[in-house]
Amino acid sequence: MNRQGAIGGWRRLNFLVMIGLGLAVFPATGVAAERPLPDTIQPAIQYLLKLTDDSRATTIESRELKPLIDFIRQDKSAGDQYFSTSDALLDPLVYHEFELRRPLATILAYAFNPRIPSHVLALSSIRQSYWKKINGQSQPFPQDIAERLADLPSPLVIHGIEHEEIAPDLNSGAYYSYDLVRTLVMCQVEGRAVWISLARQRDPSDVGRKGFVLGPDNGWDYLYSGEKGINKMGLGWVESYMYDAFSAIVYVQENDSTPLVRCGIFKWLRAGWSNMNFVKHSHIRRGLERYAGAFQEILESPHLPAPSRIAAVAGEISGMRLAQLKDRARRHLQSLKTRFGNEKQFPDKWYAQAVQNGTYLEQLTRPQLEAMVFLEYMKKALGRDPEQGSNLAMGRPVSEGTPP
């Protein structure tokens, strides 16, 4: 197939390489009720957009957020889907909502803990993430964020730059890395604790690279080839990018005595190739559903270790010698070959050339190696890894603040 034929075939198949929040998107399998986002919340969305562009902002006007919080708390019909194609907002702006049966402080203790990788609750969507700057400085994320909820005399605003690399897209297998301008807000709105995570993609992403989802997506078993392109037959040459993205994740705690948080996500994305955007709101929505499902599963799991336990293991991983990380990664890759090597989607040719006979492990960065080992630990800790037992700080009691 020649290049023009490949492009035409791509369009006829409606094949998309898009992702949202670092999340996979793929053609929708059904159509649910779709409703426009109410006009009443548009000023609040615009306010949050401006906040991401103002790195000097140190506080917010909570009253500006009231219509937004009211909308998130509002009871909605099951299956309703909200989006906006208004000229006043990013287009298409998609909204997705879900509930977390944990206090807001618990969520913050995991997801915004300087000792825990920030993608700990997004393991199906993000390969690795880490903070590059906080409030303009190369410094770690602030300690004890969760404890500030108990005494918050005024809103807390944190600006930072975070690097993110996503898991493979479910349809194309492509994965991307990019920097995010992230703004975090903690405040009270009419007596309710609110946490807001804003992110705007800083520049176009690195070129999309070929990844592989092995087995069902909820198994979290992925391979990252490092090769440019996508892994669809005849379309491996495609150089795709995420051009721009914005997300606002708003957590609203019901009250101080109920362990229930309602989470509303607003997401917009431009992605494709040759400077063309192929994103539709249905594609973004499926990515948000993937993200929300894993977030709920991890946070509400009865097997989820305490934050101190995960932090201790993350510290052990970061303290490993490079040779140790590569050895753990090699065993992990061999395990994937053993489990999935006979399945159609397994890339036998790539594995033989890159892993068995090549220098694949030498090409991985330290953060990528650490992320692979951390994912291995989390799967075992949550009871979802078919290989039982681990030599990495598993089953050994650790007191608060004591390294494993």
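Here we summarise the structure given alongside this text. Computed from a predicted structure; not experimentally measured.

Here we take up the environment of N275. Its place among the elements puts N275 in the loop between strand 14 (258-273) and strand 15 (276-277). Take N275: its relative accessible area is 64%, and that puts it in the exposed class. Expressed as a C-alpha distance, the spacing of N275 and Y243, which sit 32 residues apart in the sequence, is 7.9 Å. In this structure, N275 is in contact with Y243 and R270, ignoring residues within four places of it in sequence.

Turning our eyes to something else, we now look at the sheet that holds strand 8 (residues 174-175). Read across the open sheet, the 3 strands follow the order 8-11-12; overall the sheet is antiparallel. Where the open sheet ends on each side, the last strands, each with one partner, are strand 8 and strand 12 (222-228). Of the pairings in the sheet, the one linking strand 11 (residues 209-213) to strand 12 comprises 4 bridges and is antiparallel in character. Bridging across to strand 12, V213 finds its partner in Y222.

Our focus in this paragraph is unusual backbone geometry. You will see that D144, though not glycine, has its phi angle at about 55°, which is positive. Within the secondary structure, D144 is located in the loop between strand 6 (126-134) and strand 7 (156-166). By relative accessible area, which is 44% here, D144 ends up partly exposed. Unusually for a residue other than glycine, W220 sits at a positive phi of about 60°. Structurally, W220 is set in the loop between strand 11 and strand 12.

This paragraph deals with the pattern of salt bridges. Counted according to the given criterion, the structure contains 26 salt bridges. The partner of E97 in a salt bridge is K76, and the shortest N-O contact between them spans 2.8 Å. In this pair, E97 sits in strand 5 (residues 93-100) while K76 sits in the loop between helix 3 (66-73) and strand 4 (81-84), placing the two residues 21 residues apart along the sequence. The exposure class of K76 is partly exposed, given its relative accessible area of 22%. Ionic pairing is found between R290 and D217, a salt bridge with its closest N-O pair at 2.5 Å. With R290 in helix 5 (residues 281-299) and D217 in the loop between strand 11 and strand 12, this pair connects stretches of sequence that are 73 residues apart.

Calculation rules
- Residues numbered from 1 in each chain as written.
- Predicted model: local features only at pLDDT ≥ 70, side-chain atom pairs only at ≥ 80, totals over all residues.
- Heavy atoms only, no water.
- Helix = DSSP H or I, 4+ residues; strand = E, 2+ residues; numbered from the N terminus.
- Buried < 20%, exposed > 50% of the residue type's maximum accessible area, 1.4 Å probe, protein only.
- Contact = heavy atoms within 4.5 Å.
- Pairing = 2+ DSSP bridges.
- Salt bridge = Lys/Arg side-chain N within 4 Å of Asp/Glu carboxyl O.

By themselves, these observations are geometric and do not establish any function.
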